[in-house]
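Residue-level structure breakdown
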Amino acid sequence: MLSGKTVLVGITGGIAAYKICELIRMFKRVNANVRVVCTPNALNFVTKLTLQNLSQNEVGVEEFNIPDFKPEHISYADEADVMVIAPATANTISKLASGICDNLLTSVACAFHKPVIIAPAMNCNMWQNPIIQENLKNLKTYGYTILEPESGFLACGYQGQGRLCALEKIFDATVKKLSTKKILTGKKIIITAGGTIEDIDPVRYISNYSSGKMGIALADTAYELGSDVELVTTVPAKKPYVVTKVKSAFEMKNAVMEHFSDADCVIMAAAVADYHVKEKSAQKIKKTNDDEITLTLVKNPDILKSLCELKTHQTVVGFCAESENLLENAKEKISKKGCDYLIANDISRKDIGFSSDYNEVTILSSAGVVKELEKADKYTIARQIFEEIYG
Ligand code: CTP
C-alpha cells in the first residue's frame, strides 16, 4: 500500500512512546520505508535498539551526528513523504509552534515542507492549558494535521482528555495524506474570500455577513492538492501560501487583476458589495436634527464579469448566492457574467452557506447543471469542486 513511500516517525518524551513501536510495524507491514527521529527524552521510554530493529533503519537522535556533507535534519526532511509526530508532548508542540529547533526532531520538522501529522498525548490539565491550545491552533493554521487525544484513564492516574488517539487513526490519516492525488500540481489559482467593506466615513461602513469560510476552504484545499495559491481576502488569515488582505471591492479587483495573466484559474468566492458610497466622508459624519439621512451609492466594478471579458486561457469560476429561485437565477447569472463555472448556493437556509461550516451547492457550466453536491462541510465541498473541474 505504501511501497515507495517514506514515513518519518518523530517520537517525543511521553509514556505513549511505547505504543509507537506498534505503529512502526503497521507502516512496515504495508511496505513503507520508515525513518525514526527521537527527542533525547523519548529514549527514556523506548530504546533506540527496539526502534532500529522495527524500522530496519538507523534512528536519529543527535543533531550534530553528520556522517557526510548533508546536515542530517535536511536529509531526513528531503527523504520523507510525510512526517508523523507521535506522541507529541506539550513541550514539542510549543517548540514547533514557535519555530524552535533545539534538537534533531524539531529541526527536521521545521525543515519539512510536506504533510505533518501531530498526535498529541499528555496529562489532561496540560492539554487544556490555553497556551497549548493556542499553539495547536497556530500549527493547524499553517497546515499541520492534529489528531486530538482521546479521553480516558491516563498513565499519570488522571481521568480526562490526553490519551494518544488510536494507532489506526494515525495510520489511516497517514495513508490518506499519501494517497491524495495532487491534481492541481503546477497550477496557479487565485481565490477570493469574505465580504468586501465599503467605507462611509472613518468609523462606519457597509458590508455583508460573508464569513469567508468557503473561500478559505477552497484555498486550503487547492494548496493541499498541489496548487500555487493566492488568497485575496477581506478576513485575516495566516496561511502557508500567499495571502493578500484587501478591504473594498476596488482593492479586491486590483489584487486579483495583478496576477490574473499568470493564473490558471480564479475562483470568486467573495461576497463583493455591488455598490460603494459615492462620497466617503473624510471626517466622522455628525448627527443632525433631521430624522433622515441620504447616502448615495454608486456601482462597484463587477470583478467576475471583468475577468471573463479579459480571460485567455484561465478557468473563471463564480459563486452565486441566492435567497430564492436558485437555479433560475444561477442560469441567468452564468450567461450574464460569462464564467466557465458557477457554484450556486441557497443563502436563505440557516444550516448552510453564510457563516456555516457546511454548504450544499449546485455546480453549473454554461451548458447547464453539471453536478449537485449534497450537504457537506466546506472542505469536502471544496475538494469536490476541484475534482469536478480538474479531476
Ligand atoms: N461579483 C463580483 N463583483 C461584484 C459582484 C459580484 O465579482 N461587484 C462576483 C461574486 O464574487 C460571485 C459572483 O459575482 O462570484 C456572483 O455574486 P452575487 O452576489 O451572487 O451576484 P451579483 O452579480 O452581485 O448579482 P445580484 O446581487 O443581483 O444577485
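First, a word on scope: everything that follows refers to the structure included in this document. Remember, it's a predicted structure, so these values are computed and weren't measured experimentally.

1. Observations concerning the pairing of strand 8 (residues 159–163)
Bridge analysis of strand 7 (residues 150–153) against strand 8 gives four bridges, and the strand direction is antiparallel. Residue pairing in the sheet places Ser 151 in a bridge with Gln 161 of strand 8. Hairpin connection from strand 7 to strand 8: five residues lie between these consecutive antiparallel strands, with Gly 157 at a positive phi of about 100°.

2. Focus on the side chain of His 276
Following the sequence through the fold, His 276 ends up in strand 15 (residues 275–277). Residue class for His 276 comes out buried when judged on its relative accessible area of 19%. For His 276, the side chain forms a polar contact with the side chain of Asn 300, separated by 2.7 Å. Discounting chain neighbours no more than four positions away, the residues touching His 276 are Glu 198, Phe 250, Thr 296, Leu 297, Val 298, Lys 299 and Asn 300.

3. Focus: the sheet that holds strand 2 (residues 33–38)
Pairing within the open sheet is parallel, and its six strands lie in the order 3-2-1-4-5-6. Both outer strands of the open sheet, strand 3 (59–60) and strand 6 (145–146), are each paired with one neighbouring strand and no more. Two strands pair when backbone bridges link them, and strand 1 (residues 6–11) and strand 2 are joined in this way by six bridges, in the parallel orientation. Looking at the pairing, Thr 6 lines up with Asn 33 of strand 2. Across the sheet, helix 5 (residues 104–111) lies against strand 1, strand 2, strand 3 and strand 4 (82–88), angled at about 140° from strand 4, the strand it touches most.

4. Observations regarding the site of the ligand
Looking at the ligand, there are 16 residues lining it, with Met 268, Ala 270, Leu 304, Lys 333 and Lys 337 nearest. For the ligand, an oxygen atom lies 2.8 Å from a polar atom in the backbone of Leu 304. At a separation of 3.1 Å, an oxygen atom of the ligand approaches a polar backbone atom of Ala 321. Coverage of the ligand by the protein chains reaches 77% of its 560 Å² of free accessible surface. Looking at the shell around the ligand, the elements with two or more residues in it are helix 11 (303–310), strand 17 (315–322) and helix 12 (326–337). Per-element accounting of the shell around the ligand gives the leading share, five residues, to strand 17.

5. Points about the packing of helix 10 (residues 249–258) against helix 11
Think of two packed helices as two axes; the pair is described by the angle between the axes and how far apart they sit. Between helix 10 and helix 11, the least distance of the axes is 10 Å, while the angle of their chain directions is 25°. Between helix 10 and helix 11, the angle is such that the two are roughly parallel. Remark: the crossing between helix 10 and helix 11 carries right-handed chirality. Every residue of helix 11 that contacts helix 10 at Ala 249, Met 252, Lys 253, Val 256 and Met 257 is listed here: Ile 303, Ser 306, Leu 307 and Leu 310.

6. What about the sheet that holds strand 13 (residues 242–245)?
Spatially, 13-12-9-14-17-18-19-20 is the arrangement adopted by the eight strands of the open sheet, whose pairing is mixed. At either end of the open sheet lies a strand with only one pairing partner, and these are strand 13 and strand 20 (368–377). Taken over all neighbouring pairs, the strand axes of this sheet differ in orientation by 15° on average, direction set aside. Strands in contact with helix 12 are strand 17, strand 18 (341–346), strand 19 (358–365) and strand 20; relative to strand 18, the strand with the most contacts, it is inclined by about 155°.

7. Focus: unusual backbone geometry
A cis amide bond links Ala 86 to the next residue, Pro 87, at an omega of -10°. By the element assignment, Pro 87 lies in strand 4. The phi dihedral of Asn 31 is positive, around 70°, even though this residue is not glycine. On the secondary structure map, Asn 31 appears in the loop between helix 1 (20–29) and strand 2. For Asn 325, which is not glycine, the phi dihedral falls at a positive 45°. Mapped onto the elements, Asn 325 comes out in the loop between strand 17 and helix 12.

8. Digging into the packing of aromatic side chains
In total, this model carries two aromatic pairs according to the counting rule given. A ring pair is formed by Tyr 223 and Tyr 241, whose centres lie 5.4 Å apart and whose planes are at 50°; its orientation type is tilted. Residue Tyr 223 is found in helix 9 (residues 213–224), and its partner Tyr 241 is found in the loop between strand 12 (228–233) and strand 13; the two are separated by 18 residues along the sequence. In this structure Tyr 223 comes out as partly exposed when scored by relative accessible area, which is 37%. Seen from the ring of Tyr 358, Lys 375 lies directly overhead, with NZ or CZ sitting 5.5 Å from the centre.

Thresholds applied
- Residues numbered from 1 in each chain as written.
- Predicted model: local features only at pLDDT ≥ 70, side-chain atom pairs only at ≥ 80, totals over all residues.
- Heavy atoms only, no water.
- Pairing = 2+ DSSP bridges.
- Helix = DSSP H or I, 4+ residues; strand = E, 2+ residues; numbered from the N terminus.
- Buried < 20%, exposed > 50% of the residue type's maximum accessible area, 1.4 Å probe, protein only.
- Polar contact = N/O pair within 3.5 Å; in protein donor to acceptor, adjacent residues only side chain to side chain.
- Contact = heavy atoms within 4.5 Å.
- Axes fitted to C-alpha atoms, helices over the stretch in contact; angles between N-to-C directions.
- Near = heavy atom within 4 Å.
- Areas by Shrake-Rupley, 256 points an atom, 1.4 Å probe, with all protein chains shown as cover.
- Parallel < 35°, antiparallel > 145°, perpendicular 65-115°, else oblique.
- Left-handed = near helix turned anticlockwise from the far one by under 90°.
- Phe/Tyr/Trp six-rings, centres within 6.5 Å; stacked < 30°, edge-to-face > 60°.
- Lys NZ or Arg CZ within 6 Å of the ring centre and 35° of its normal.

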